[in-house]
Amino acid sequence: MSAAPVAIVTGAAEGIGWATAQQLAHAGWSVALFDLNGALAAERAQALGAQHSGWACDVTDADAVKAQVSDVVARHGRIDGLVNNAGIADQTAPTLKQDIDAFDKVLAVHLRGAFVMSQHVIAQMNQQARDAHGNRGAIVNIGSIASFGGIPGRNAYCAAKAGVLGMTRALATEWARRGIRVNAVAPGYVKTALVASLTERGAIDAQAIARRTPMGRMAAPEEIAQVIAFLASPLASYITGAVLPVDGGWAALGAPEAALGPLQED
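Residues numbered from 1 in each chain as written. Predicted model: local features only at pLDDT ≥ 70, side-chain atom pairs only at ≥ 80, totals over all residues. Heavy atoms only, no water.

## Concerning the sheet that holds strand β3 (residues 53–56)
Okay, so step 1: Taking strand neighbours across the sheet as the criterion, the seven strands line up as β3-β2-β1-β4-β5-β6-β7 in an open arrangement whose pairing is parallel. At either end of the open sheet lies a strand with only one pairing partner, and these are β3 and β7 (243–246). Neighbour to neighbour, the strand axes of the sheet diverge by 20° on average, direction disregarded.
Okay, so step 2: Packing against the sheet, helix α1 (residues 15–26) makes contact with β1 (6–10), β2 (30–35) and β4 (81–84), and its axis sits at approximately 170° to β2.
Okay, so step 3: Running at roughly 165° to strand β6 (residues 180–187), helix α8 (residues 221–232) makes contact with β4, β5 (137–142), β6 and β7 of the sheet. (Pairing = 2+ DSSP bridges. Helix = DSSP H or I, 4+ residues; strand = E, 2+ residues; numbered from the N terminus. Axes fitted to C-alpha atoms, helices over the stretch in contact; angles between N-to-C directions. Contact = heavy atoms within 4.5 Å.)

## Observations regarding the pairing of β6
Okay, so step 1: A large share of β6 lies buried, amounting to eight of its eight residues.
Okay, so step 2: Here β6 shows a buried face lined by I180, V182, A184 and A186 and a second buried face lined by R181, N183, V185 and P187.
Okay, so step 3: Direction of pairing for β5 relative to β6: parallel, over a ladder of six bridges. Note on β6: the bridge partner recorded for A138 is R181.
Okay, so step 4: In this fold, β5 hands off to helix α5 (residues 155–175), which returns the chain to β6; that crossover is right-handed.
Okay, so step 5: Relative to β7, β6 runs parallel, the two being bridged by four bridges. Of the residues in β7, the one forming a bridge with P187 is V246. (Buried < 20%, exposed > 50% of the residue type's maximum accessible area, 1.4 Å probe, protein only. Right-handed = clockwise from strand over helix to strand, strands pointing away.)

## Overview of the pattern of salt bridges
Pairing between side chains becomes possible if they bear opposite charge and their charged atoms approach one another.
Okay, so step 1: The full count for this structure, using the stated rule, is five salt bridges.
Okay, so step 2: The salt bridge partner of E14 is R44, with a shortest N-O separation of 3.4 Å. Of this pair, E14 sits in the loop between β1 and α1 while R44 is found in helix α2 (residues 38–48), placing the two residues 30 residues apart along the sequence.
Okay, so step 3: Residue E14 is classed as partly exposed on the basis of its relative accessible area, which comes to 44%.
Okay, so step 4: A salt bridge links E257 to R211; its shortest N-O distance comes to 3.9 Å. (Salt bridge = Lys/Arg side-chain N within 4 Å of Asp/Glu carboxyl O.)

## Considering the side chain of D90
Okay, so step 1: The residue D90 is located in the loop between β4 and α4 (100–125) in this model.
Okay, so step 2: Side-chain polar atoms of D90 contact the side chain of R154, separated by 3.0 Å.
Okay, so step 3: Residues in contact with D90, not counting those within four places in the same chain, are V106, R154, Y157 and R201. (Polar contact = N/O pair within 3.5 Å; in protein donor to acceptor, adjacent residues only side chain to side chain.)

## A closer look at the pairing of β4
Okay, so step 1: Neither face of β4 is left uncovered, since the one carrying G81 and V83 and the one carrying L82 and N84 both have all their residues buried.
Okay, so step 2: Pairing of β4 with β5, which is carried by four bridges, proceeds in the parallel orientation. For V83, the partnering residue across the bridge sits in β5 and is V140.
Okay, so step 3: Handedness of the β4-α4-β5 crossover: right-handed.

Such coordinate-based values are descriptive only and should not be taken to indicate function.
What follows is the structure in structure tokens.
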């Protein structure tokens, strides 16, 4: 068992999840990396060091999640943080051509998965002693700019990410007096393999995104990870029920993008 604080990160083998696992490990956490690709999760954990662990887990499978959370507690002794990052790409077809099973799958991974993980981790956190601020643990959910605005043709993703924010607030207010904090980050577009695949499929236009973003670029995964690590840490001990946009100013823009001026290359 580790004396370091322990965090579970879902979807931890790639992208924002992997960047978050690295950030937390650098900050002194022991990290349990959950991913559908268990072999890669184990490889990533090994790269971080002996105090970390990798686990194969389908976050939509309640029985599997319960078992894996119990295994993490057996291995590490406790759970101080949970980052609900697991997600998949959605279909980008027009509404009338969308497949209902594909719709359900996106909601299952992003929304049901975050709920199932939270349910079993909260059960563990609720048994733990309070820290100096009276807290027992922290959960960070991953929303999106799609939590606030509509993206044509991406019905399931927008619905799931809006739902994540609603669930964040519900959990935060329910568990605040038990010392469990629940917050969310809402990233804009991030340079991940998932976004790269959407770009290759023509589902998104990277240059158009850069023009629409006040800061003129996509985020690097580590820029999102640093904010997640902050919200999970004691530095955020009095923050719960909050949603922090990490979007380069995307949600703040209230004018046509032409008002931003040209992209600066220097």
